[in-house]
Amino acid sequence: MTRISRLLLPALVLAALTGSTALPLEPATPASAAQPPAWTRPAALRPGDTIAFVAPAGPADAEKVAKAKERFEKMGFKVSVPPSLTTRKNRYLAGTDEERAAELNAAFKDKGSQAVFAVKGGYGLTRILHLIDYEAIRNNPKVVLGFSDLTGLHLAIAKKCRLVTFHGPMPQYGLYRDDAGFGYSSDVFWRTVSADKYPKGDSGYTVPLPTDGPKPRKLVGGKAKGRLVGGNLTLIGATMGTPYEIEADGNILFLEDTGEKAYRIDRVLSQLRLSGHLDRFAGVILGTFDGADEVELDAVFRDYFAGRKVPVVTNFPVGHTPFNATLPHGGLVELDADAGTVKVLEAPVTLGARKP
């Protein structure tokens, strides 16, 4: 008896007993065998493009939003601000879950805008991840910006859409001003997403480091290449075990957080280790963790990373400080821990003509 006959025999017996003539369907291809879709990069921004402001997490500040809008318009951009953006408030949220999700989905579907900027973080993104229209994001790839609580959106878009997004300063936190380190953050952001910053075409670049800000320190030497994923450690922990959890295999992990004690950081790193995720990253970039005791934090990082055989740097300028370098989430990068550098291997934006 052939293997196929053995597989069909139980169904044939059942059909004879029930009078049914239907045969079983062919076994489905295991999900693990399916190839993930290719990564997409959004079009680079140019003067004249429209930037949509959204508030999918905490409440927006009218004064700071107005300053950011004015600054962007002086740079030649158009800015779309929903009428209720700065007036909606539901406790610590910028409106109900349905309102925030609808605003975000409308911005992704809008054919007239080329970018979606979350004006601030706070809290609330995880409450609406299941309400986001990921098909609309796939069909309308745009420059998506945010950090902190917006880490949840970066992780979800990476998982569901394979779109490169941008972990960086937001209109209400960083981009509306240029004093102190905020000027550095603003310069790096526009350098990352602007078409005129890629004169040689689809070329990469090394993420600029501030002259007077945090300097990366080697914890474990070496080089590694992979896609850059991560963001706020608390949000990464909050999405573990969900359809939006971080993907580790062969990727470069970057982490930052704010206002968390060393033991809380320890707790989430422990969760990542117990889940097996920490063993599968090709390299690690640790940003700023303001609010934690530096001595305790250093000990925590050594506990989890010093014995690993992948490159690890600490104190990279990314996080809740004025010095917040924009990193392309999902972009191809090379981490050189000995040099303390992150090189983006290809432009994280496309530079050709846009689809009509």
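On a predicted model such as this, the values are computed, not experimentally measured, just so you know. (Residues numbered from 1 in each chain as written. Predicted model: local features only at pLDDT ≥ 70, side-chain atom pairs only at ≥ 80, totals over all residues. Heavy atoms only, no water.)

Examining the sheet that holds strand β1 (residues 50-54)
- Pairing is mixed across the open sheet formed by six strands, whose spatial order is β2-β1-β3-β4-β5-β12. Looking at strand neighbours, the two that pair on one side only are β2 (78-80) and β12 (327-329), the edges of this open sheet. Sheet twist, expressed as the mean angle between neighbouring strand axes with direction ignored, is 25°.
- Judged from the four bridges that link them, β1 and strand β3 (residues 115-118) form a sheet pairing that is parallel. Across the sheet, residue Ile51 finds its bridge partner in β3, namely Ala115.
- Strands in contact with helix α3 (residues 97-109) are β1, β3 and β4 (143-146); relative to β1, the strand with the most contacts, it is inclined by about 170°.
- Most of the contacts of helix α5 (residues 151-161) go to strand β5 (residues 165-167), to which it runs at about 155°, and overall it touches β4, β5 and β12. (Pairing = 2+ DSSP bridges. Helix = DSSP H or I, 4+ residues; strand = E, 2+ residues; numbered from the N terminus. Axes fitted to C-alpha atoms, helices over the stretch in contact; angles between N-to-C directions. Contact = heavy atoms within 4.5 Å.)

Quick word on helix α9 (residues 294-305)
- The end-to-end C-alpha distance of α9, which contains twelve residues, comes to 16 Å, matching closely the 16 Å that a straight helix rising 1.5 Å per residue would cover.
- Elements that come into contact with the buried residues of α9 comprise β7 (217-220), α8 (262-274), β10 (283-290) and β11 (312-314).
- The residue sitting at the N-terminus of α9 and contributing the capping side-chain oxygen is Asp293; that oxygen lies 3.1 Å from the backbone nitrogen of Val295. (Expected span 1.5 Å × (residues − 1). Polar contact = N/O pair within 3.5 Å; in protein donor to acceptor, adjacent residues only side chain to side chain.)

Some words on α5
- In terms of burial, α5 is largely enclosed, as nine of its eleven residues are buried.
- For α5, the set of buried residues is Thr151, Gly152, Leu153, His154, Leu155, Ala156, Ile157, Ala158 and Cys161.
- Positive phi shows up at Arg162, right after α5, with a value of about 55°. (Buried < 20%, exposed > 50% of the residue type's maximum accessible area, 1.4 Å probe, protein only.)

Observations concerning the environment of Asp178
- Tracing the sequence through the fold places Asp178 in the loop between β5 and α6 (182-193).
- For Asp178, a relative accessible area of 49% translates into the label partly exposed.
- Separated by 144 residues in the primary sequence, Asp178 and Pro322 have C-alpha atoms spaced 9.3 Å apart.
- Residue contacts for Asp178: discarding those within four places in its chain leaves Arg71 and Gly183.

Quick look at the packing of α8 against α9
- Contact geometry of α8 with α9 gives a least axis separation of 9 Å together with a crossing angle of 10°. Looking at the two axes, α8 sits roughly parallel to α9. Side by side, α8 and α9 meet where Ala262, Ile265, Asp266, Leu269, Ser270 and Arg273 of the first sit next to Glu296, Leu297, Val300, Phe301, Asp303, Tyr304 and Phe305 of the second.
- Tallied by class, residues from the contact of α8 with α9 come to eight nonpolar, one polar and four charged. (Parallel < 35°, antiparallel > 145°, perpendicular 65-115°, else oblique. Nonpolar A, V, L, I, M, F, W, Y, C, P; charged D, E, K, R; others polar.)

Here we look at the packing of aromatic side chains
- Taken as a whole and assessed by the stated rule, the structure comprises 15 aromatic pairs.
- Among the aromatic residues, those joined into a ring-pair cluster are Phe53, Phe72, Phe77, Phe117, Phe189 and Trp190.
- The positively charged end of Arg191 is found above the aromatic ring belonging to Tyr198, 4.8 Å away from the centroid.
- A cation over an aromatic ring shows up here: Arg191 above the ring of Tyr205, its NZ or CZ 4.0 Å from the ring centre. (Phe/Tyr/Trp six-rings, centres within 6.5 Å; stacked < 30°, edge-to-face > 60°. Lys NZ or Arg CZ within 6 Å of the ring centre and 35° of its normal.)

Some points on the sheet that holds β11
- If you walk across this open sheet you meet the eight strands as β6-β14-β13-β8-β9-β10-β11-β7, and the pairing is mixed. Looking at the sheet topology across the chains shown, the edges are occupied by β6 (205-206) and β7.
- As judged from the two bridges shared by β10 and β11, these two strands associate in the parallel manner. Note that in β11 the partner of Val284 across the bridge is Val312.
- The sheet strands contacting α9 are β7, β10 and β11, and the helix crosses β10 at an angle near 165°.

Some remarks on the pairing of β3
- Alternating residues of β3 divide into Ala115 and Phe117 and Val116 and Ala118, and every residue in both groups is buried.
- In terms of strand pairing, β3 meets β4 through three bridges, oriented parallel. Each bridged residue has a counterpart across the sheet, and for Val116 the counterpart in β4 is Val144.
- Once the chain exits β3 it traverses helix α4 (residues 134-139) before rejoining the sheet at β4, and the crossover so formed is right-handed. (Right-handed = clockwise from strand over helix to strand, strands pointing away.)

Topic: the nonpolar core
- Within the largest apolar cluster, 49 residues are counted, with the highest numbers of intra-cluster contacts made by Phe53, Phe72, Phe117, Trp190 and Ile285.
- The element best represented in this core is α6, accounting for five residues.
- Leaving out residues up to four positions away in the same chain, Ile285 has contacts with Leu228, Ile252, Leu253, Phe254, Leu255, Val313, Phe316, Leu335 and Val342.
- If you look at the next biggest cluster of nonpolar residues, it comprises 29 residues, including Met240, Val268, Leu278 and Phe281. (Core = buried A, V, L, I, M, F, W, Y, C linked by side-chain atoms within 4.5 Å.)

Side note on unusual backbone geometry
- Unlike most non-glycine residues, Ala180 shows phi in positive territory, near 50°.
- Relative to the helices and strands, Ala180 is located in the loop between β5 and α6.
- Even without glycine at this site, Asn315 takes up a positive phi of about 65°.
- Positionally, Asn315 belongs in the loop between β11 and β12.

Here we look at the pattern of salt bridges
- For the structure on display, the rule yields 16 salt bridges.
- When the shortest N-O distance is used, the salt bridge between Asp97 and Arg100 registers 2.2 Å. Here Asp97 pairs with Arg100, and both are found in helix α3, just three residues apart, close to one helical turn.
- Taking relative accessible area as the criterion, Asp97 reaches 15% and is therefore assigned buried.
- Arg100 sits in the buried class, given a relative accessible area of 0%.
- Asp298 is the salt-bridge partner of Arg302, the closest N and O atoms lying 3.3 Å from each other. Of this pair, Arg302 and Asp298 are both found in helix α9, four residues apart, which corresponds to roughly one turn of the helix. (Salt bridge = Lys/Arg side-chain N within 4 Å of Asp/Glu carboxyl O.)

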